[in-house]
Amino acid sequence: MKEYSALALLRNAFSGNRDWKPAWRKPDPKPQYDVVIVGGGGHGLATAHYLASEHGITDVAVVEKGWLGGGNVGRNTTIIRSNYLLPANTGFYEHSMKLWETLSHELNYNVMFSQRGILNLAHTPGQADDYIRRGNAMRHDGIDAVWMNPAEIARKVPGLDVSAKARFPIVGGLMQPRAGTARHDAVAWGYARAADRRGVDMLENCEVTGFLRDGDRIVGVTTTRGEIRAKKVAVAVAGSTGRVMKLAGIDRLPIESHVLQAFVSESLKPAIDTVVTFGGGHLYVSQSDKGGLVFGGDIDGYNSYAQRGNLPVVEEVMSEMAALFPGWAGVRLLRSWGGIMDMSMDGSPIITAGPLPGLYLNTGWCYGGFKATPASGWCFAWTIARDEPHPLNAAFTLERFHRGAVIDEKGQGATPRLH
Amino acid sequence: MLITCPCCGPRDVAEFTYQGDASRSRPDPASTDQAAWNAYVYDRVNTAGAHREYWQHSGGCRSHLVVLRSTLTHRIDSVRFARDEADGARRRSGSPA
Ligand SMILES: Cc1cc2nc3c(=O)[nH]c(=O)nc-3n(C[C@H](O)[C@H](O)[C@H](O)COP(=O)(O)OP(=O)(O)OC[C@H]3O[C@@H](n4cnc5c(N)ncnc54)[C@H](O)[C@@H]3O)c2cc1C
Ligand SMILES: [Zn+2]
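Residues numbered from 1 in each chain as written. Chains lettered and ligands numbered in written order. Predicted model: local features only at pLDDT ≥ 70, side-chain atom pairs only at ≥ 80, totals over all residues. Heavy atoms only, no water.

(A) How the structure looks around the overall build of chain B. Of the regular secondary structure elements, chain B holds 2 helices and 6 strands. Helices and strands in chain B line up, N terminus first, as β-β-β-α-β-β-β-α. Its C-alpha atoms put chain B at 40 × 30 × 25 Å along the principal axes. For chain B, with 97 residues in total, the buried portion stands at 36%. In chain B, 43% of the contacts between residues at least 6 apart in sequence involve partners at least 24 apart. Accessible surface, chain B: about 5400 Å² in total, of which carbon and sulfur atoms supply 50%. (Helix = DSSP H or I, 4+ residues; strand = E, 2+ residues; numbered from the N terminus. Buried < 20%, exposed > 50% of the residue type's maximum accessible area, 1.4 Å probe, protein only. Contact = heavy atoms within 4.5 Å. Areas by Shrake-Rupley, 256 points an atom, 1.4 Å probe, with all protein chains shown as cover.)

(B) Fine view of the interface of chain A and chain B. With 24 residues of chain A at the interface, the matching set in chain B holds 23 residues. Carbon and sulfur atoms supply 53% of the area buried between chain A and chain B, which totals about 2200 Å² over both sides. Summed over the shared surface of chain A and chain B, the result is 1 salt bridge. The salt bridge involving R44 of chain B is made with E256 of chain A; its shortest N-O contact spans 2.9 Å. Taken together, the connections running from chain A to chain B amount to 13 residue pairs in polar contact (both at pLDDT 80 or more). (Buried area = accessible area lost by both parts, 1.4 Å probe. Salt bridge = Lys/Arg side-chain N within 4 Å of Asp/Glu carboxyl O. Polar contact = N/O pair within 3.5 Å; in protein donor to acceptor, adjacent residues only side chain to side chain.)

(C) Region of interest: the coordination of the zinc ion (ligand 2). Residue and element names in this part refer to chain B. Taken together, the protein ligands of the zinc ion (ligand 2) are C5 (SG), C8 (SG), H57 (ND1) and C61 (SG), with distances of 2.0 to 2.4 Å. Given 4 donor atoms and angles of 103 to 120° at the metal, the environment of the zinc ion (ligand 2) is assigned as tetrahedral. Sequence spacing of the donor residues for the zinc ion (ligand 2), all on one chain, is C-x2-C-x48-H-x3-C. Assessed through its relative accessible area of 0%, H57 is described here as buried. We classify C61 as partly exposed; its relative accessible area is 28%. (Donors = N, O, S within 2.8 Å, 3.2 Å for Na, K, Ca; no water. Tetrahedral: all angles 85-135°; square planar, octahedral: opposite > 155°, others 65-115°.)

(D) Spatial organisation of the site of ligand 1. Residue and element names in this part refer to chain A. In the vicinity of ligand 1 there are 36 residues, among which E64, N72, V73, T77 and K371 approach most closely. Separating an oxygen atom of ligand 1 from a backbone N or O atom of V73 is a distance of 2.9 Å. For ligand 1, whose free accessible area comes to 990 Å², the fraction covered by protein is 96%. Contributions of two or more residues to the shell around ligand 1 are made by α2 (42–55), β12 (255–267), β16 (333–344) and α9 (369–386). Each residue belonging to the shell around ligand 1 can be placed in one class, and the counts come to 16 nonpolar, 15 polar and 5 charged. Here the shell around ligand 1 spans two domains, and each of domain 1 (26–79 + 184–254 + 346–418) and domain 2 (115–178 + 256–343) adds at least three residues to it. (Near = heavy atom within 4 Å. Nonpolar A, V, L, I, M, F, W, Y, C, P; charged D, E, K, R; others polar. Domains from an automatic or database assignment.)

(E) Looking closely at the side chain of H184 of chain A. Residue and element names in this part refer to chain A. One can find H184 in helix α6 (residues 184–197). Here R183 takes part through its side chain, which lies 3.5 Å from a polar atom of the side chain of H184. Not counting the four nearest positions on each side in its chain, H184 is found in contact with V73, G74, R75, N76, T78 and F370.

(F) Structural context of the pairing of strand β2 (residues 9–12) of chain B. One ladder, built from 4 bridges, connects strand β1 (residues 2–5) of chain B with β2 of chain B; its direction is antiparallel. When the sheet's bridge partners are listed, T4 of chain B is paired in β2 of chain B with P10 of chain B. (Pairing = 2+ DSSP bridges.)

(G) A look at the sheet that holds strand β4 (residues 50–56) of chain B. Residues and elements named next belong to chain B. Overall, antiparallel pairing links the 4 strands, which are arranged β3-β4-β5-β6 in an open sheet. Each edge of the open sheet is held by one strand with a lone partner, namely β3 (17–21) and β6 (76–81). With strand direction ignored, the average angle separating the axes of adjacent strands in the sheet is 30°. Pairing of β3 with β4, which is carried by 4 bridges, proceeds in the antiparallel orientation. Its bridge partner being in β4, G20 is matched across the sheet by Y54. (Axes fitted to C-alpha atoms, helices over the stretch in contact; angles between N-to-C directions.)

(H) Molecular detail of the pattern of salt bridges. All names here are of chain A. Counted according to the given criterion, the structure contains 25 salt bridges over all chains. The shortest N-O distance in the salt bridge between R225 and D28 comes to 3.4 Å. On the criterion of sequence distance, the pair formed by R225 in the loop between β10 (217–223) and β11 (226–235) and D28 in the loop between α1 (6–14) and β1 (32–38) is long-range, its members being 197 residues apart. A relative accessible area of 32% means that R225 is categorised as partly exposed. A salt bridge links R178 to E94, with the nearest nitrogen and oxygen atoms 2.8 Å apart.

(I) Looking closely at the sheet that holds strand β14 (residues 283–287) of chain A. Residue and element names in this part refer to chain A. One open sheet accounts for 8 strands, arranged β5-β6-β4-β13-β14-β15-β12-β16; its pairing is mixed. In this open sheet, the two strands that pair with only one neighbour each are β5 (146–148) and β16. Taking the axes of each pair of neighbouring strands and ignoring which way they run, one obtains an average angle of 25° across the sheet. The pairing of β5 with strand β6 (residues 172–176) spans 3 bridges and is antiparallel. By the bridge assignment, M148 is partnered in β6 with G173.

(J) Inspection of the domain arrangement of chain A at higher detail. Residue and element names in this part refer to chain A. Here chain A is described as being made up of domain 1 (26–79 + 184–254 + 346–418) and domain 2 (115–178 + 256–343). Spacing between the C-alpha centres of domain 1 and domain 2 amounts to 29 Å. Contacts between domain 1 and domain 2 engage 18 residues on the former and 25 residues on the latter. On inspection of domain 1 and its partner domain 2, the count reaches 0 salt bridges. Counting across the domain 1 and domain 2 interface gives 10 residue pairs in polar contact (both at pLDDT 80 or more). Per-element tally for the side of domain 1 that touches domain 2: the top contributor is helix α7 (residues 241–247), with 3 residues. Taken together, the residues of the side of domain 1 that touches domain 2 break down into 8 nonpolar, 7 polar and 3 charged.

(K) Molecular detail of the packing of helix α3 (residues 87–107) of chain A against α9 of chain A. All names here are of chain A. At a minimum axis distance of 8 Å, the contact between α3 and α9 shows a crossing angle of 95°. One way to sum up the angle between α3 and α9 is to call them roughly perpendicular. Across the interface between the two elements, F92, Y93, H95, S96, L99, W100 and L103 from α3 touch F370, K371, A372, T373, P374, A375, S376, W378 and C379 from α9. Among the residues forming the contact of α3 with α9, the class breakdown is 11 nonpolar, 4 polar and 1 charged. (Parallel < 35°, antiparallel > 145°, perpendicular 65-115°, else oblique.)

Put into structure tokens, the structure is as follows:
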């Protein structure tokens, strides 16, 4: 499957780059598939790839209402980490991290995975205790975590206000060195191309408008490009989960859709070579290869499907940034945008067979579904292929909310604003 | 986004605290129906379109409000005091105030 290499680059340069094959075909929908995946975001595309590569299921279509990668997979701040506390999350996200570490090779597509580390800053002794406890849980599970004191932090992140006079003084920070960032579009395109080469059909501009049923069982979808029958229908539509599942008659889920904004500044010379998060509020920032600071904060906080946010959050995020990096206060903002996120009521995802026969559901990614992309696709493919969860996603059920088995990292209780 | 508080007039959304879907109804506090409580705490309709929702003017007159807002466009169609909505609901269902 190796099409991209230094040699291929050279050869195609000499022929004026006219001979590259498109990354994926544009087939017409077939009347029937073994599996139809609804949603051509990172998770849907990764699911298609792993169905084909791990389970030999290649009679698959990915049905996407817009273009591949136009949803949250192309709108996020690309942070990848596995620094969780609870066993269900640490196991799952560390599996994802391991898949990231070999992903460019597996897909023969450079996803620009950059293990530049993530530093969670702590600003109170209580927060430091909490982070150290999380770091210990990670190390216990064989995941890398390092506690850094303010002097080490000052050396690692120049420009950070580590003085005792800072509005939120920094008492230390939890670093996961293997964390980092990746090129979001490349992740979508790389999975799409790899799945396409194994025979998966990418059906773009094809919106699911309803489900075909045989009694209780889901046996296909109706779309803007006609009816498509399928033995199994797998839904991975992130922020659109509520709308799509209503078409299947599921009118209540432990999910709310909310808008999260992201921001990019003008290009700067290299300023930070790691991802930094602010514990005094909610801010995460890294610097892209082009030099822009890529950052974000909290969701706007009210139910939304509008893919754009409001100014109070912009102001809050900017003020947090200025508090943490006073020297950046004069940096100009270049772009901002919003994405609609599937906020689950305990901050953890759902990857499950059901809730109807023939239907499979992947949702509840909150702030952090990009880093989950490989493991989410891997576990969802397993669940679809075998009709039972892999141990890594066995806890991510829909019933857990009604059984008191929620996976709530901070023990905060039911609220659609966790991560 | 501006919310026109019936007491204070049009104010920036930053003055308000969002309190979620106003169409949910809490089971009777004495109820021991586990399924009903679970559904109340965790399950959401997650409406795409006209959404009745609670806001409090916490940075102003502190009134609790019921706002009718489209989750697709953020357009606000009505803002009323929550107590008036509650009185109306009680009258409609015929239960004592
Ligand atoms: C601003 C922002 C910043 C973020 N930052 C991070 C981060 O730093 N790290 C991290 O790990 N995560 C982050 N996330 C979260 C992450 O982006 C998402 O959790 C993840 O991308 C969701 O999975 P997905 O890629 O499959 O979703 P999407 O890319 O949204 O895919 C869902 C697809 O379903 C399609 N669809 C919807 N309805 C239909 C229909 N009826 N028929 C057919 N197709 C349909 C949509 O068009 C869309 O393409 C961020 C999200 C946002 C919005
Ligand atoms: Zn008021």
